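Each chain, letter by letter, is given below.
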Amino acid sequence: MSNLEQKRFPIGEYQQPENICDIKLDEYIKVIKNFPEKLKNLIENLSDDQLDTPYREGGWTVRQLVNHIADSHINSFIRLKLALTEDNPTIRPYDEAKWAELQDSVSMPIKPAMRMIKGTHQRWAVLLKSLTNKQFERTFHHPEQNQDYDLRNYLALYVWHCNHHFAHIENLKKEKGW
């Protein structure tokens, strides 16, 4: 793997697990529950100059990453609720890269995004903890990928997403000696 690929995918590209048992589900839910505090501890002492540093050449800044996490995780939470209340709904995709270029992602302080992440994850974890195995089998359809996602595998994807972006910031801090 090239250095650029290592920086793009510091924990590797997402690999869908073959079987997600109840014990693994509980581990995933803990990741969702604990992620906001873990992220806060990682970024709380960064200066504006550090927040405006890209995690890799051509990549988003730390500020954009934090705002992307807020946007992405709110969308994920909504997709979960749609799947729980509708029969295999078709979700609405969005252009993550274009959202990351909007001024709320590029120039705002990160506190509002962190509050969004904290609140979303609190609600997400409570809802996930309440689901039955049958509910975890519910699905939604992603039209861009022309694929149905069940909630068990979708949760695994978002646990990877948390760890993926956390590693971007953690590796940048190590590289820069922050």
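Keep in mind that this is a model prediction, so the values were computed, not measured.

(A) Quick look at the pattern of salt bridges. Using the criterion set out here, one finds nine salt bridges in the structure. E5 is the partner of R8 in a salt bridge, and the nearest nitrogen-oxygen pair spans 3.2 Å. Taken as a pair, R8 and E5 lie in helix α1 (residues 3-8) at a separation of three residues, close to a single helical turn. Three or more residues joined by partner-sharing salt bridges are found here, namely D48, D52 and R63.

(B) Broad picture of the packing of aromatic side chains. Counted by the stated rule, this structure contains seven aromatic pairs. Taking the centre distance of 4.3 Å and the plane angle of 40° together, the rings of Y94 and W99 count as tilted. The buried category is assigned to Y94, whose relative accessible area is 14%. Both rings, one in F140 and one in Y154, keep their centres 4.7 Å apart while their planes meet at 85°; by these two values the pair is edge-to-face. With F140 in strand β1 (residues 139-142) and Y154 in helix α9 (residues 151-176), this pair connects stretches of sequence that are 14 residues apart. Comparing F140 with Y154 shows no difference in burial state: the two are buried. An aromatic cluster of three or more residues is present, and its members are W124, F140, Y149, Y154 and Y158.

Calculation criteria
Residues numbered from 1 in each chain as written. Predicted model: local features only at pLDDT ≥ 70, side-chain atom pairs only at ≥ 80, totals over all residues. Heavy atoms only, no water. Salt bridge = Lys/Arg side-chain N within 4 Å of Asp/Glu carboxyl O. Helix = DSSP H or I, 4+ residues; strand = E, 2+ residues; numbered from the N terminus. Phe/Tyr/Trp six-rings, centres within 6.5 Å; stacked < 30°, edge-to-face > 60°. Buried < 20%, exposed > 50% of the residue type's maximum accessible area, 1.4 Å probe, protein only.

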